[in-house]
Amino acid sequence: MKRKEKEAYWLAMIEEYRASGLSLVEWCETSGIALHNMKYWLRKQSPINRESTEETSWVSCVVDVYGSIKM
């Protein structure tokens, strides 16, 4: 299966799961899908993973010997 075909397959599985109303474990058992595979694809398709275009910003700070932070 090619990458695009695999992605389309798993998107369809995710849609079926969400429409089923079953828990993830129940749906995987009844559908014959390995739970760890489904969790992987749910994470992979998560909008959080797709919005990672922001750059990291660093802030410098100085910690004195008594443990208070000064910025």
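Residues numbered from 1 in each chain as written. Predicted model: local features only at pLDDT ≥ 70, side-chain atom pairs only at ≥ 80, totals over all residues. Heavy atoms only, no water.

S.K.: Is there a simple way to explain helix α1 (residues 3-20) in this structure?
M.R.: In an α-helix there are 3.6 residues to a turn, and that puts residues three or four apart on one side. In a regular helix each residue adds 1.5 Å, so 18 residues correspond to 26 Å; α1 covers 26 Å between its end C-alpha atoms and thus fits that length. Buried within α1 we find Trp10, Met13, Ile14 and Tyr17. Projected onto a plane normal to the axis of α1, the buried residues spread over an arc of 100° and lie on a single side. In α1, the exposed positions that point more than 90 degrees away from the buried face belong to Lys4, Glu15 and Ala19. Buried residues in α1 make contact with α2 (24-31) and α3 (35-44). Where α1 terminates, the next one or two residues include glycine 21, which has phi positive at roughly 80°. (Helix = DSSP H or I, 4+ residues; strand = E, 2+ residues; numbered from the N terminus. Expected span 1.5 Å × (residues − 1). Buried < 20%, exposed > 50% of the residue type's maximum accessible area, 1.4 Å probe, protein only. Arc of directions from axis to C-beta. Contact = heavy atoms within 4.5 Å.)

S.K.: In this structure, what is going on with the packing of aromatic side chains? I would like to understand it.
M.R.: Counted by the stated rule, this structure contains 4 aromatic pairs. The interplanar angle of 85° and the centroid separation of 5.3 Å between the aromatic rings of tyrosine 9 and tryptophan 10 together place this pair among those described as edge-to-face. Residue class for tyrosine 9 comes out partly exposed when judged on its relative accessible area of 33%. Classification of tryptophan 10 by relative accessible area gives buried; the value is 9%. Geometrically, the ring pair formed by tryptophan 10 and tryptophan 41 is stacked, given 5.9 Å between the ring centres and 5° between the ring planes. Separated by 31 residues along the polypeptide, tryptophan 10 in helix α1 and tryptophan 41 in helix α3 bring together distant segments of the chain. Each member of the pair, tryptophan 10 as well as tryptophan 41, carries the same accessibility label: buried. Here the aromatic cluster, defined as three or more aromatic residues joined through ring pairs, consists of Tyr9, Trp10, Tyr40 and Trp41. Taking NZ or CZ as reference, lysine 44 lies 5.6 Å from the ring centre of tryptophan 41, over its face. (Phe/Tyr/Trp six-rings, centres within 6.5 Å; stacked < 30°, edge-to-face > 60°. Lys NZ or Arg CZ within 6 Å of the ring centre and 35° of its normal.)

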